[in-house]
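# Commentary on secondary and tertiary structure
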Amino acid sequence: MRPYFEQMNTFGTEIKKGAIKRTEENVEAFLDAESQIDAEVARVKNAGFSTEKINARGEMTVWQRIDYLVDEGSWTPLHTIYNPANNEEGTTNVIDGLGKISGKWAVIIGFDNKVMAGAWLPGQSDNILRVTDLAKRLNVPLIWLVNCSGAKLPEQEKFYANRRGAGTPFFRHAELEQMGIPVLAGIYGTNPAGGGYQSISPTVLFAHKNCNIAVGGAGIVSGMAPQGGFTTEMAEVLIEKAKENRAKPPGSVKTHYDETGFFRYVFEEEKGVLDGLKDYMKDMPAYNPKFFRVAEPKEPAFAQEDILRLLPIEQKKVYEFDEILARVVDGAEHLEFRAGYGPEIYTGLCKVDGFLVACIGNRQGYLGKDYPEYADYPGIGGKLYRQGLIKMNEFVTLCGRDRVPIIWFQDTSGIDVGDIAEKAELLGLGQSLIYSIQQTDIPMMLVVLRKGSAAAHYVLGGPQANRHNAFTIGTAATEIYVMHGETAAVATYARRLVKEKESGNDLQPIVDKMNELAKSYYDKSRPIFCAKNGLVDEIVKLTDIRKYMQAFVGSAYQNPKSICPQHQMILPRIIKG
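Worth saying up front: this structure is predicted, and the values here are computed from it rather than measured.

### Some remarks on the side chain of Asp416
Residue position: Asp416 is located in the loop between strand S16 (414-415) and helix H16 (419-423). Buried charge without a partner: Asp416 forms no salt bridge, and the closest opposite charge is Lys383, 4.5 Å away. Within the structure, Asp416 has its side chain in polar contact with the side chain of Tyr374 (distance 2.7 Å). Setting aside its immediate chain neighbours within four residues, Asp416 contacts Tyr374, Tyr377, Lys383, Leu384, Tyr385, Ala421 and Leu426.

What follows is the structure in structure tokens.
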């Protein structure tokens, strides 16, 4: 298959000097927006006690542990500012992402020991479920840095119980292990109750000498016999019991290494725990990259900084999607599938680090005369029409057959609407695409470049409409909503306007409500809002999009559940004819 893959068709062009000058304001707008996101990330990193205070205790912070654990340059964070319950701490109290350890990709997650010693907080269980889903979809190890003091007890009702409550991760660990996905845990500090189960549910336990894990911690053991209230005499007894249990908390290394043997290894130094994890990762199941590479890795042919000029931050401005894609794939090379058919959508095979990957993206702007072919109105890019939906159904199905991971690039205003569109079967074709995606059983990644809107957000690789989406990233231009705020205001109040007009009433109160709703839509679709509420898994810099693609593709090919031999692939042969 070398003739197909070693030198694929080149695409993309250098940015001209005039365009560079015209796009200076766009660059500045993006950099300013990205700096606001940086400030949110810094707020999370600085939450709780200072690094100096933690280090003075003889401990590393979770950030320091991750930095020591992962191979240099491979850390790809996710869910950094995720905070769906709007906790006052500003974080779900777990830090996670993809990274290489000893040359192997893994999903890594750790409790933030700077904030309430890593306690459970509202929203944390949902964060952890996203992480276990990621390990499950990519079929790579899950690495835990456990340092969990238990629950934030005054808010237990917000996270303890329920179907997606804080106990669910323990079931999910068991699920991963039954699928053959190892869960390794480096354990630090005091881990009672849920923290104890967080420690015991992984596959292999690496313990620091000062850590402990227990069904109940010192405070719980001291008050295990409720008597309907408290008195000062009882308080005195509790004080003595608490002192005793604090001095000798249950579940120490002496118990769980010497007696139960739950701890496989115990280390004197904090870094020793991390070194133990590194050593085990060397032996994790993984194919040599040469097994799946179709060509030697190449750098992009154009500077990734160009994307700051090519992607307008102003939503109504059009751009050439192909030019952006050319800057994030190897050598600006591709094999486009069904070029010219369904022009609102790009579908093609590209390479990332020498691995074959399928790319699908919305094209923008006027789509040419007599398109869509079923209507008497012009087609505009960003919207989906009949041909584009048919093309994606075909392409996705073939990717599933050839076991090629898919990266979606989304900037969509929705699916064509109206009775003409209904007669063209767009409703059924949209659901057909969801069916096609679901039957592939291949990993997928989504990049929301700008707009994610209406049902098109679902069918274009959205996490809501398929279980193969490993993660979704956004940019400083990302907006996600069911429809534009002004459209929503019209849909909500148009009939009310007619009624008020016919009644001879003043329209201004309704107009004010329309403006209020449009403003609310705007505020609740901003990039930071999207990341905090989980609409995307991370907002990333435009210059980091390729880095996330590399992490995704490298992970997807590390230990795939199924393979198609390169010489038996049909998709590249269909493209070439």
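### Structural notes on the nonpolar core
Ranked by internal contacts, the top residues of the largest apolar core, which has 159 residues, are Trp144, Leu325, Leu349, Trp408, Phe409 and Phe471. Leaving out residues up to four positions away in the same chain, Leu349 has contacts with Met8, Glu333, His334, Leu335, Leu356, Val357, Ala358, Phe395, Val404, Leu571, Pro572 and Ile575.

### Considerations on the sheet that holds strand S3 (residues 94-101)
Strands sit in the order S2-S3-S4-S5-S6-S8-S10 across an open sheet of seven strands; the sheet is mixed. The sheet terminates laterally at strand S2 (76-78) and strand S10 (265-267), the two strands that pair on one side only. Here the strands of the sheet are splayed against their neighbours by 20° on average, with no regard to which way each runs. Sheet topology note: the strand S8 (residues 204-208)/S10 ladder contains three bridges and is parallel. When the bridges of S10 are listed, Ala207 appears paired with Val266. The strands touched by helix H12 (residues 270-281) within the sheet are S3, strand S4 (104-111), strand S5 (142-146), strand S6 (183-187), S8 and S10, with S8 carrying the most contacts at an inclination of about 160°.

### A look at the environment of Ser35
Within the secondary structure, Ser35 sits in helix H3 (residues 24-45). Each C-alpha atom, one on Ser35 and one on Lys541, is 9.5 Å from the other, the two residues being 506 residues apart in sequence.

### Some points on the sheet that holds strand S11 (residues 333-336)
Strand order in the open sheet made by the eight strands is S1-S11-S12-S13-S15-S17-S19-S21, with mixed pairing throughout. Single-partner strands in this sheet number two, and they are strand S1 (9-10) and strand S21 (538-539). The sheet strands contacting helix H15 (residues 386-402) are strand S12 (345-352), strand S13 (355-362) and strand S15 (406-410), and the helix crosses S12 at an angle near 30°.

### What about the pairing of S11?
Of the two faces of S11, both are covered, the one formed by Glu333 and Leu335 as well as the one formed by His334 and Glu336. Bridge count for S1 against S11 is two bridges, and the pairing is antiparallel. Among the inter-strand pairings, Thr10 is bridged to a residue of S11, identified as Glu333. Sheet topology note: the S11/S12 ladder contains two bridges and is antiparallel. Counted as the bridge partner of Glu336 is Gly348 from S12.

### Some thoughts on the packing of aromatic side chains
Applying the stated criterion across every chain yields a total of 20 aromatic pairs. With 6.3 Å between their ring centres and 85° between their planes, Trp120 and Phe159 make a pair best called edge-to-face. One end of the pair, Trp120, is in the loop between S4 and helix H6 (124-138); the other, Phe159, is in the loop between S5 and helix H7 (168-178), and 39 residues separate them in sequence. Plain terms: the ring middles of Tyr287 and Phe291 are 4.8 Å apart, the flat faces sit at 45° to each other, and that makes the pair tilted.

### What about the side chain of Asp112?
Positionally, Asp112 belongs in the loop between S4 and H6. Although buried, Asp112 forms no salt bridge, and the nearest oppositely charged side chain, Lys114, lies 4.8 Å from it. What Asp112 contacts, discounting residues up to four positions off in sequence, is Val44, Val62, Trp63, Asn93, Ile95, Ala117 and Gly118.

### Here's the deal with the domain arrangement of the protein chain
The domains assigned to the protein chain are domain 1 (49-281), domain 2 (289-478 + 536-572) and domain 3 (484-525). Between the C-alpha centres of domain 1 and domain 3 there is a distance of 48 Å.

### Focus on the pairing of S5
Each regular strand shows side chains that alternate between the opposite faces of the sheet. Here S5 lies mainly inside the structure; five of its five residues are buried. The alternating pattern of S5 places Leu142, Trp144 and Val146 and Ile143 and Leu145 on opposite faces, both of which are buried. In this sheet, S5 lies alongside S4 in parallel orientation, the contact comprising four bridges. Within S5, the residue paired with Ile109 across the bridge is Trp144. Of the crossover connections in this fold, the one passing from S4 over H6 to the parallel S5 is right-handed. With five bridges joining them, S5 and S6 adopt parallel strand pairing. When the sheet's bridge partners are listed, Ile143 is paired in S6 with Leu184. Regarding the hand of the β-α-β motif, the stretch spanning S5, H7 and S6 is right-handed.

What counts and what doesn't
- Residues numbered from 1 in each chain as written.
- Predicted model: local features only at pLDDT ≥ 70, side-chain atom pairs only at ≥ 80, totals over all residues.
- Heavy atoms only, no water.
- Helix = DSSP H or I, 4+ residues; strand = E, 2+ residues; numbered from the N terminus.
- Buried < 20%, exposed > 50% of the residue type's maximum accessible area, 1.4 Å probe, protein only.
- Lys, Arg positive; Asp, Glu negative; His and termini not counted.
- Salt bridge = Lys/Arg side-chain N within 4 Å of Asp/Glu carboxyl O.
- Polar contact = N/O pair within 3.5 Å; in protein donor to acceptor, adjacent residues only side chain to side chain.
- Contact = heavy atoms within 4.5 Å.
- Core = buried A, V, L, I, M, F, W, Y, C linked by side-chain atoms within 4.5 Å.
- Pairing = 2+ DSSP bridges.
- Axes fitted to C-alpha atoms, helices over the stretch in contact; angles between N-to-C directions.
- Phe/Tyr/Trp six-rings, centres within 6.5 Å; stacked < 30°, edge-to-face > 60°.
- Domains from an automatic or database assignment.
- Right-handed = clockwise from strand over helix to strand, strands pointing away.

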